[in-house]
Amino acid sequence: MKIEGGCYCHAIRYEAVGEPLASLQCHCRECQYITGGNPNVIMVMPEAGFRFTKGMPSSFARSDIEHAVTRLFCPTCGTALGTRSPKRPGAIILKVGTFDDPSIFKAKAAIFTIDKQAFHHIPPDLPAFERRPG
Ligand SMILES: [Zn+2]
Ligand SMILES: [Zn+2]
């Protein structure tokens, strides 16, 4: 499949070609900062098929935690675009809200429900994991 997307102000655009490696909703405390409080919805795509087609994001990684992810965001409008994680080499984690067509997303699992808030919604038929599956 091919996913096209970008940030809120259109300074940054990307495309991702390939088969999705995972489709998840993440309830972790860190994601709550990035989303504004709700779970994050993400698709993991192969890095080999991913490129920025316009602009380049800024990046940030915390230095005070182990295995910190690198978060990519638009330096102009602040939209969080995606993440590179040392736990997922060769992959880029994309935020569904930045897709041109977010309706293509369907979560296959909920993760880090250990940090779930009472107001987060998990569909009853969705597999849920306290941390990561398996
Ligand atoms: Zn922007
Ligand atoms: Zn998370």
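The shown structure was predicted, so the numbers you read here are calculated from the model rather than taken from an experiment.

As defined by bridge partners, strand β1 (residues 2–6) adjoins strand β2 (residues 13–17) across five bridges and the pair is classed as antiparallel. In the strand pairing of β2, Ile3 is matched with Ala16. Between β1 and the antiparallel strand that follows it, β2, lie six residues; His10 among them carries a positive phi value of about 70°.

The next point concerns the coordination of the zinc ion (ligand 2). In the first shell of the zinc ion (ligand 2), the protein supplies Cys26 (SG), Cys28 (SG) and Cys31 (SG), at 2.1 to 2.3 Å from the metal. For the zinc ion (ligand 2), the single-chain donor residues occur in sequence as C-x1-C-x2-C. Side by side, Cys26 and Cys31 carry an identical accessibility label, which is buried.

Turning our eyes to something else, we now look at the pattern of salt bridges. If you walk through the whole model with that rule in mind, you get six salt bridges. Here Glu130 makes a salt bridge to Arg131, at a shortest N to O gap of 3.9 Å. A relative accessible area of 47% means that Arg131 is categorised as partly exposed. A network of salt bridges, in which partner residues are shared, links Lys2, Glu15 and Arg51.

As summarised here, the arrangement of the seven strands in space is β6-β7-β8-β9-β4-β3-β10, forming an open sheet in which the pairing is mixed. Here the strands that pair on one side only, and so sit at the sheet edges, are β6 (58–60) and β10 (109–111). Here the average twist between neighbouring strands, direction ignored, is 30°. As paired elements, strand β3 (residues 22–26) and β10 share three bridges and run parallel to each other. If you follow Gln25 over to β10, its bridge partner there is Ala110.

Right, let's get into the sheet that holds strand β5 (residues 50–54). One open sheet holds the three strands; their spatial order is β1-β2-β5, and the pairing between them is antiparallel. The open sheet terminates on both sides in strands that have one partner only, identified here as β1 and β5. Each adjacent strand pair in this sheet contributes to an overall mean axis angle of 20°, direction not counted. Across four bridges, the pairing between β2 and β5 is antiparallel. What sits directly across from Arg13, in β5, is Lys54.

Turning our eyes to something else, we now look at the side chain of His120. Here His120 shows up in the segment after β10. Excluding its chain neighbours within four sequence positions, the residues that come into contact with His120 are His27, Gln32, Gly37, Asn38 and Pro39.

The geometry of an aromatic ring pair is captured by two quantities: the separation of the ring centres and the angle between the planes. On inspection of all chains with the given rule, the structure shows two aromatic pairs. Ring geometry for Tyr14 against Phe50: centres 5.6 Å apart, planes inclined by 40°, an arrangement best described as tilted. In this pair, Tyr14 is assigned in strand β2 and Phe50 in strand β5, connecting sequence segments 36 residues apart. Between the aromatic rings of Phe50 and Phe52, the centroid separation amounts to 5.0 Å while the plane-to-plane angle is 85°, which identifies the pairing as edge-to-face. Of the aromatic side chains, those joined through ring pairs into one cluster are Tyr14, Phe50 and Phe52.

Here we come to the side chain of Thr79. Along the chain, the position of Thr79 falls in the loop between β7 (70–73) and β8 (80–84). In contact with Thr79, other than residues within four places in its own chain, are Cys7, Tyr8, Leu72, Phe73, Cys74 and Thr98.

Reading the values: rules and limits
Residues numbered from 1 in each chain as written. Chains lettered and ligands numbered in written order. Predicted model: local features only at pLDDT ≥ 70, side-chain atom pairs only at ≥ 80, totals over all residues. Heavy atoms only, no water. Pairing = 2+ DSSP bridges. Helix = DSSP H or I, 4+ residues; strand = E, 2+ residues; numbered from the N terminus. Donors = N, O, S within 2.8 Å, 3.2 Å for Na, K, Ca; no water. Buried < 20%, exposed > 50% of the residue type's maximum accessible area, 1.4 Å probe, protein only. Salt bridge = Lys/Arg side-chain N within 4 Å of Asp/Glu carboxyl O. Axes fitted to C-alpha atoms, helices over the stretch in contact; angles between N-to-C directions. Contact = heavy atoms within 4.5 Å. Phe/Tyr/Trp six-rings, centres within 6.5 Å; stacked < 30°, edge-to-face > 60°.

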